Amino acid sequence: MSDPRLAQALADGREALAHLPDPMREARTLLAHAAGIGRERLHDPGSDDLGDDVLRRYRDLLAQRAGGRPLARLLGYRDFWKHRFHLSDAVLDPRADTETLVACALELDWSRCLDLGTGSGAILLSLLAERPGATGTGTDISSAALDVARRNADEIGVADRVELQLSDWYGAVSGRFDLIVSNPPYIAAREMDTLSPEVSLHDPRLALTDEGDGLGAYRAIIAGARDHLFAGGSLLVEIGWRQRAGVEALLQGRGFEGIACHRDMEGRDRAISAILG
């Protein structure tokens, strides 16, 4: 370590982020990001020569992270499933729990998928990358979110097999699909103040809550699914840990069959699938 500034920068980062679970790891990540190199290269010959501009960027990133801005927001991306997804403030930061939907969907038989509320495209684009012959449509009510999804589709290499539409749920959607997936806003309005600040202050509110009881999006998705699924097609949605009974009741009320609940890596109810009879 020929440049003492590297050691000092990391020590400063560890101190600034001491309230986080792994401050040194985050400090290294932010320093590498500020320098425009991979974290593993911090100790490569030449890469420890930190210029003033790099250190200024690093200190700014540290200040933002210490103030509660999520690491993924500072980096501008999130690694999800097998790919790196660009983020912006217009899209939900996809969490590892949502990979449960991808895993479940890949166990189903489908070749045409509709993703309602696609955001960054993390779910739909991950699925299409795993199924080279499949096509998909992603909808969102935010044109800024769709811009992010288009960039991700280009970089992952599935842009020729995906259509991204500005739509309020099924509003602009035509045709039928083998699979409908969605990670909708499911936080009840009364529960918003229980979320961590990293979520409530940085994820778009419209991607978190329906401003009601948390089941509003499911009512819309389930009600319209019959007009957009082939017979025998599947509906797969992410749920909150207390919503299983409510969502299952909605599916039963619309005549869906084969209703199943799927748990995430922590053993929590995370997704529900059902078949259109």
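Presented here is an overview of the structure given in this document. Only a predicted model underlies this, so the values are computations on that prediction, with no experimental measurement involved. Counting from 1, residues in each chain are numbered in the order their sequence is written. Given that this is a predicted model, residues contribute local features only at a pLDDT of at least 70 and side-chain atom pairs are listed and counted only at 80 or more, while totals for whole chains, interfaces and linings are drawn from all residues. Hydrogens and waters are ignored; side-chain quantities use all the structure's heavy atoms.

Focus: the overall build of the chain
At step 1: Scanning the chain from N- to C-terminus turns up 10 helices and 9 strands.
At step 2: Throughout, exposure labels follow a simple rule: accessible area from a 1.4 Å probe, protein chains only, divided by the maximum for the residue type, with under 20% read as buried, over 50% as exposed, and the rest as partly exposed. Looking at the chain as a whole, 49% of its 277 residues are labelled buried.
At step 3: The contact criterion used throughout is that any non-hydrogen atoms of two residues lie within 4.5 Å. Counted over contacts in the chain with a minimum sequence separation of 6, partners at least 24 positions apart contribute 63%.
At step 4: Across the chain, the centroid of the 32 positively charged side chains sits 1 Å from that of the 43 negatively charged ones. Comment: elements are numbered from the N terminus, with helices defined as DSSP H or I runs of at least four residues and strands as E runs of at least two. In this tally, Asp and Glu contribute negative charge and Lys and Arg positive charge; neither His nor the terminal groups of the chain are included. Positions of charges follow a simple convention, taking NZ of Lys, CZ of Arg, CG of Asp or CD of Glu.

Quick word on the sheet that holds strand S9 (residues 269–276)
The pairing of strands in a sheet happens through backbone hydrogen bonds and is either parallel or antiparallel.
At step 1: Strand order in the open sheet formed by 7 strands is S5-S4-S3-S6-S7-S9-S8, with mixed pairing between adjacent strands. Bordering the open sheet on either side are strand S5 (162–166) and strand S8 (256–263), each of which pairs with just one other strand. Across the sheet, the mean angle separating the axes of adjacent strands is 15° when strand polarity is ignored.
At step 2: Two strands pair under a simple rule: DSSP has to find at least two bridges between them. As judged from the 6 bridges shared by S8 and S9, these two strands associate in the antiparallel manner. In the sheet register, Ala 260 faces S9, and the bridge partner there is Ser 273. Working convention: axes come from line fits to C-alpha atoms, limited for helices to the stretch in contact. Angles between N-to-C directions cover 0 to 180 degrees.

A short note on the environment of Val 199
At step 1: Checked against the element boundaries, Val 199 lands in helix H8 (residues 197–200).
At step 2: In the structure, Val 199 is positioned 131 residues away from Gly 68 in sequence and 9.8 Å away in space, judged by C-alpha atoms.
At step 3: Look past the residues within four positions of Val 199 in its chain and what remains in contact with it is Arg 95 and Leu 208.

Notes on the environment of Glu 163
At step 1: Within the fold, Glu 163 resides in strand S5.
At step 2: Distance in space between the C-alpha atoms of Glu 163 and Leu 124 is 11 Å, their sequence separation being 39 residues.
At step 3: Other than its neighbours up to four places away in sequence, Glu 163 contacts Gly 136, Thr 137 and Gly 138.
At step 4: A distance of 2.9 Å separates polar atoms of two side chains, one belonging to Glu 163 and the other to Gln 165. Throughout this description, a polar contact denotes any pair of N or O atoms lying within 3.5 Å of each other; where both atoms belong to protein, one of them has to be capable of donating a hydrogen while the other can accept it, and for residues adjacent in sequence the pair is counted only when both atoms sit in side chains.

A short note on the packing of helix H9 (residues 216–225) against helix H10 (residues 244–253)
At step 1: It is the contact of H9 with H10, at a shortest axis distance of 10 Å, that shows an interaxial angle of 25°. Taken together, H9 and H10 sit at an angle that is classed as roughly parallel. When you trace H9 past H10, the crossing you get is right-handed. Within the contact between the two elements, H9 uses Tyr 218, Arg 219 and Ile 222 and H10 uses Val 247, Leu 250 and Leu 251.
At step 2: Class assignment for the residues of the contact of H9 with H10 results in 5 nonpolar, no polar and 1 charged. Note on terminology: angles under 35 degrees are roughly parallel, angles over 145 are roughly antiparallel, angles of 65 to 115 are roughly perpendicular, and the others are oblique. Left-handed describes a crossing in which the near helix is turned anticlockwise from the far one by less than a right angle; the clockwise case is right-handed. By the convention adopted, Pro, Cys, Tyr, Trp, Phe, Met, Ile, Leu, Val and Ala count as nonpolar, Lys, Arg, Asp and Glu as charged, and the other residues, Gly among them, as polar.

Structural notes on helix H6 (residues 122–130)
At step 1: Here H6 lies mainly inside the structure; 7 of its 9 residues are buried.
At step 2: The complete set of buried residues in H6 reads Ala 122, Ile 123, Leu 124, Leu 125, Ser 126, Leu 127 and Leu 128.

Overview of the pattern of salt bridges
At step 1: Only one rule defines a salt bridge in this text: a Lys or Arg side-chain nitrogen within 4 Å of an Asp or Glu carboxyl oxygen. On inspection of all chains with the given rule, the structure shows 22 salt bridges.
At step 2: Measuring nitrogen to oxygen at the nearest pair gives 3.1 Å for the salt bridge that ties Arg 69 to Asp 89. Taken as a pair, Arg 69 in the loop between helix H3 (52–66) and helix H4 (71–75) and Asp 89 in the loop between strand S2 (83–86) and helix H5 (99–105) lie far apart in primary sequence, 20 residues in all.
At step 3: Among the salt bridges present, the one from Arg 73 reaches Asp 203, with a minimum N-O distance of 2.5 Å. Highlighted residues: Arg 73 in helix H4 and Asp 203 in the loop between H8 and H9, separated in sequence by 130 residues.

Observations concerning the pairing of strand S3 (residues 112–116)
Along a regular strand, successive side chains alternate from one face of the sheet to the other.
At step 1: Most of S3 sits out of view: 4 of its 5 residues are buried.
At step 2: Note: S3 against strand S4 (residues 135–140), 5 bridges, orientation parallel. Directly across from Asp 115, in S4, lies its bridge partner Gly 138.
At step 3: A clockwise course of the path from the first strand over the helix to the second, judged with the strands pointing away from the viewer, identifies a crossover as right-handed. Remark: the S3/H6/S4 crossover connection has right-handed handedness.
At step 4: The sheet contact formed by S3 and strand S6 (residues 177–182) spans 4 bridges and is parallel.

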